[in-house]
Amino acid sequence: MTAGPSKRFPFFGTIEEKAVKTHLLCAALALGLAATASAAAAQDSETITINSTVSKYCKSLGTPSPIALGELVDGVGFVVTSFAGPNTSTVSNYYCNAPATISLAATPLTQAAGSAILDPSSFTNRIDYLASLSWDNVSGSVNTLTGTPSSITSAEANTGNLTVTVTAPDTAGNKRPISGNYAGAVTVTVTLD
């Protein structure tokens, strides 16, 4: 009697059984990986909203240069018809990132000592003028005779050189200014809307 394969090789049946189980396990793994791959192929999408803000802002005026108008009287002692010295002050690249309202106010040139005028029909200690503002496409002016500030609207964000110019000294009445130092002021106030 001949012995069957398992008798001659006592482990042959066990090896065959293990091979079948190994093939079945590999097949199961392959099916599982295929199922995972098809599940990974499906997509899900979410949109995340991001929020933040930009505050309203204007570049600070800093310290604009003073305007030195020079001599205020002509050769015979009357108020000059135009200022001799530099008559502008500029802040370069001034900007606001929102609409703004600009108030332009000016005070007349007055004698700093405040000396009394004994003959007001001939002499004065006050010189009025026109102050103008120019900022990109925004402009306006105020006359110190009125004493009322001018309101100028910048309807959108704006950038550019902001320039104040002093012109047109008032010669009405043909009066002579008394001697001394004279000072006035132009005030630019920017308010974001």
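This text goes with the structure placed above it.
All of these numbers come straight from a predicted model, not from anything done at the bench. (Residues numbered from 1 in each chain as written. Predicted model: local features only at pLDDT ≥ 70, side-chain atom pairs only at ≥ 80, totals over all residues. Heavy atoms only, no water.)

**Quick look at the overall build of the protein chain**
Logical step 1: For the protein chain, the count of helices and strands is two helices and 10 strands.
Logical step 2: When the helices and strands of the protein chain are placed in sequence order, the string is α-α-β-β-β-β-β-β-β-β-β-β.
Logical step 3: Per-residue burial over the protein chain gives 23% buried out of 193 residues.
Logical step 4: Residue pairs at least 24 apart in sequence account for 75% of intrachain contacts in the protein chain once pairs closer than 6 positions are excluded. (Helix = DSSP H or I, 4+ residues; strand = E, 2+ residues; numbered from the N terminus. Buried < 20%, exposed > 50% of the residue type's maximum accessible area, 1.4 Å probe, protein only. Contact = heavy atoms within 4.5 Å.)

**Side note on the pattern of salt bridges**
Logical step 1: Taken as a whole and assessed by the stated rule, the structure comprises one salt bridge.
Logical step 2: In this structure, Asp128 and Arg126 form a salt bridge, with 2.9 Å as the shortest nitrogen-oxygen distance.
Logical step 3: Classification of Asp128 by relative accessible area gives buried; the value is 7%. (Salt bridge = Lys/Arg side-chain N within 4 Å of Asp/Glu carboxyl O.)

**Thoughts on the packing of aromatic side chains**
Logical step 1: One pass over the full model with this rule turns up two aromatic pairs.
Logical step 2: Ring centres of Tyr57 and Tyr95 lie 5.9 Å apart, and the angle between their planes is 55°; this geometry places the pair in the tilted category. A residue pair is termed long-range when its members are at least 10 positions apart, and Tyr57 in the loop between α2 (12–41) and β1 (88–96) and Tyr95 in strand β1 qualify at 38 residues.
Logical step 3: Overall, Tyr57 belongs to the partly exposed group, its relative accessible area being 43%.
Logical step 4: Residue Tyr95 is classed as partly exposed on the basis of its relative accessible area of 34%. (Phe/Tyr/Trp six-rings, centres within 6.5 Å; stacked < 30°, edge-to-face > 60°.)

**Regarding the sheet that holds strand β6 (residues 138–143)**
Logical step 1: Strands sit in the order β1-β8-β5-β6 across an open sheet of four strands; the sheet is antiparallel. Since the sheet does not close on itself, it has two edges, and those belong to β1 and β6, each with one partner. On average, each strand axis in the sheet is tilted by 15° relative to the strand beside it, whichever way the strands run. (Pairing = 2+ DSSP bridges. Axes fitted to C-alpha atoms, helices over the stretch in contact; angles between N-to-C directions.)

**Observations concerning the layout of surface pockets**
Logical step 1: The calculated volume of the largest pocket comes to roughly 660 Å³.
Logical step 2: If you go around the largest pocket, you meet 30 residues; those closest to its centre are Ile67, Ala68, Leu69, Leu109 and Gly184.
Logical step 3: Every element with two or more residues in the lining of the largest pocket is listed here: β1, β8 (158–167) and β10 (182–192).
Logical step 4: No other element matches the seven residues that β10 contributes to the lining of the largest pocket.
Logical step 5: Of the residues contributing to the lining of the largest pocket, the split by class is 21 nonpolar, eight polar and one charged.
Logical step 6: Its volume calculated, the second largest pocket comes out at about 160 Å³.
Logical step 7: Looking at the second largest pocket, it is lined by 14 residues, and the ones nearest its centre are Thr124, Arg126, Asp170, Ala172 and Lys175. (1 Å grid on protein atoms, 1.4 Å probe; cavity = no way out; pocket = protein on both sides within 12 Å on 5 of 7 lines; lining within 4 Å. Points joined across faces, edges and corners; volume = space filled by probe spheres on them. Nonpolar A, V, L, I, M, F, W, Y, C, P; charged D, E, K, R; others polar.)

**Some remarks on the pairing of β8**
Logical step 1: One ladder, built from seven bridges, connects β1 with β8; its direction is antiparallel. Across the sheet, residue Tyr95 finds its bridge partner in β8, namely Thr159.
Logical step 2: Relative to β8, strand β5 (residues 130–135) is paired through six bridges, and the arrangement is antiparallel. In the strand pairing of β8, Leu130 is matched with Thr167.

**Some points on the nonpolar core**
Logical step 1: Core analysis: the largest hydrophobic core is formed by 27 residues, its most contacted members being Phe83, Leu109 and Leu133.
Logical step 2: Contributing elements (two or more residues each) for this core: β1, β2 (100–111), β5, β6, β8 and β10.
Logical step 3: The biggest single contributor to this core is β2, with four residues.
Logical step 4: In contact with Leu133, not counting residues within four places along its chain, are Ile102, Leu104, Val138, Ser139, Gly140, Ile152, Leu162, Thr163, Val164 and Val188. (Core = buried A, V, L, I, M, F, W, Y, C linked by side-chain atoms within 4.5 Å.)

**A short note on the side chain of Gln111**
Logical step 1: Mapped onto the secondary structure, Gln111 falls in strand β2.
Logical step 2: When residues no more than four places from it in sequence are discounted, the contact partners of Gln111 are Asn125, Ile178, Ser179, Gly180, Asn181 and Tyr182.

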